[in-house]
Structure formats: structure tokens, C-alpha cells
Amino acid sequence: MQEIMAVIRMNKMNQTKKALADAGIPAFVAREGYGRGKGLVNQAVLDGAAAGNEEAIALLGTKGRLYPKRIISIVVPDNQVKEAVDALISVNKTGQAGDGKIFVMPVSDSVRVRTGEAGEAAIV
């Protein structure tokens, strides 16, 4: 089993839900989050701040604001990872900075609370 955590734009949530359902992955958890990518920070300002330049340090306080994002967590059997990742990319890729990130991590076990089923039986 693998957990897929995706950070996407807020306005892509409905398209993402549909794409995942169409790929046979209807179950997931979503939550709100805030973040920013590395592209929003001027490297010269970072270098100046690291060198102790007070003007650069002050600029860091006003730049790099956090943007609202949606964080999705999906646990799927190993054989569905590619389908899930492809579905996420298909609706969230605009080619612009801020499209998001996808992380794939191993899951050692899962248990369905209602029935006590464990392992892949708990997620299918």
C-alpha cells in the first residue's frame, strides 16, 4: 500500500474529485493548507539575509506570503499508484508555478475501524 499526498490549487478540487473517481479511486481525505514554493523568494534577498543584512531580513518579512492550497491524502494498493498520480496530474497541471506537488510514501498497515479488516482489505 502507498499513501499519495498531493498539494493542489484550491480551484482544482472539484476536477480532482471527478478525475480520481473516474480512475476508480473514490475515497480520500482533503484538508485546507497554506504554502509557497521556492520560486517566490528572491535568491539575492536570501543571500543578503544569510549574510546578516538588515534590509534583506526586513524584506523577507513582507515577501513570500502563503497561498491557500488543498492537501489530499489517498491510500491505495501498490497497483493503483500510477493511476492515481496520473489522474492528479491530468487535472492539476497548468504549466504554471503553483501547480502543486505529489508525494508517494509507503504505508505499513491499515485497519477499517467498523469491521476490523486490516491491510489492503481495509482500503478496497
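Report on the accompanying structure. Throughout this description, residue numbers start from 1 for each chain and increase along the sequence as written. Confidence filtering applies because this is a predicted model: local features only for residues at pLDDT of at least 70, side-chain atom pairs given and counted only at 80 or more, and all residues used for totals across whole chains, interfaces and linings. The side-chain values count all of the structure's non-hydrogen atoms but skip hydrogen atoms and water molecules.

As a further point, take a nonpolar patch on the surface. A cluster of nonpolar side chains, I89, I102 and V104, forms an exposed patch at the surface whose accessible area comes to about 210 Å². Topologically, I89 is positioned in helix α4 (residues 81-92). By definition, no residue in a patch forms a salt bridge, and every one has over 30% relative accessible area; like charges are joined within 9 Å, nonpolar side chains (Val, Leu, Ile, Met, Phe, Trp, Tyr) within 5 Å. Here the Shrake-Rupley method, with its probe set to 1.4 Å, supplies the accessible areas, and only the displayed protein chains count as covering residues. Salt bridges are defined by distance alone: a side-chain nitrogen of Lys or Arg within 4 Å of a carboxyl oxygen of Asp or Glu. Elements are defined by DSSP. Helices are runs of H or I of four residues or more, strands are runs of E of two residues or more, and each kind is numbered from the N terminus.

The packing of two helices is summarised by the inter-axis angle and the distance between the axes. Running from N to C, helix α1 (residues 13-22) and α4 cross one another at 145°; their axes reach a closest spacing of 9 Å. For the element pair α1 and α4, the recorded crossing hand is right-handed. Every residue of α4 that contacts α1 at Q15, T16, A19 and L20 is listed here: A84, A87, L88, V91 and N92. Lys, Arg, Asp and Glu make up the charged group, whereas Ala, Val, Leu, Ile, Met, Phe, Trp, Tyr, Cys and Pro make up the nonpolar group; the residues left over, Gly among them, are polar. Here the contact of α1 with α4 is built from residues that sort into 6 nonpolar, 3 polar and no charged. Angles shown run from 0 to 180 degrees and are taken between the N-to-C directions of axes, each axis being a line fitted to C-alpha atoms and, for helices, limited to the stretch in contact. Helix crossings get a hand from a simple test, with the near helix turned counterclockwise from the far one by less than a right angle marking a left-handed crossing and a clockwise turn marking a right-handed one. Every residue pair with non-hydrogen atoms within 4.5 Å of one another is taken to be in contact.

Attention now moves to the nonpolar core. Working definition of a nonpolar core: buried Ala, Val, Leu, Ile, Met, Phe, Trp, Tyr and Cys residues. They are joined through side-chain atoms within 4.5 Å. Each residue's exposure class comes from its accessible area (1.4 Å probe, protein chains only) as a fraction of the maximum for that residue type: buried when under 20%, exposed when over 50%, partly exposed otherwise. Counting residues in hydrophobic clusters, the biggest one holds 16 residues, and the most contacted among them are I4, L20, I25, I72, I74, V76 and L88. Elements represented by at least two residues in this core include exactly β1 (2-9), α1, β3 (67-76) and α4. Element by element, the count of residues in this core is highest for α4, at 6 residues.

This model, assessed by the stated rule, comprises 4 salt bridges. D86 serves as the salt-bridge partner of K82, at 2.8 Å between the closest nitrogen and oxygen. In this pair, K82 and D86 both sit in helix α4, 4 residues apart, roughly one turn of the helix. Among the salt bridges present, the one from R112 reaches E117, with a minimum N-O distance of 2.8 Å.

Attention now moves to the environment of K17. By secondary structure assignment, the location of K17 is in helix α1. Exposure remark for K17: the relative accessible area of 39% places this residue in the partly exposed category. It is 9.9 Å that separates the C-alpha atoms of K17 and I72, two residues lying 55 residues apart in sequence. Pairs of N or O atoms within 3.5 Å make up the polar contacts considered here, provided that, within protein, one atom can donate a hydrogen while the other can accept it, and that residues adjacent in sequence are counted only when both atoms are side-chain atoms. Of note is the side chain of K17, whose polar atom sits 3.2 Å from the side chain of N14.

Right, let's get into the sheet that holds strand β2 (residues 29-35). For two strands to be treated as a pair, DSSP must find at least two bridges joining them. A sheet is described by the order of its strands in space; here 4 strands give the open sequence β2-β3-β1-β4, paired in antiparallel fashion. Two strands lie at the open edges of the sheet, namely β2 and β4 (101-106), each paired on one side alone. Ignoring strand direction, the axes of neighbouring strands in this sheet form an average angle of 25°. Pairing between β2 and β3: 7 bridges, direction antiparallel. Across the sheet, the residue bridging to V29 is S73, located in β3. Contacts between α1 and the sheet are confined to β1, β2 and β3, with β3 contributing the most and set at about 10° to the helix. Contacts from α4 reach β1, β3 and β4, with the element oriented near 0° to β1.

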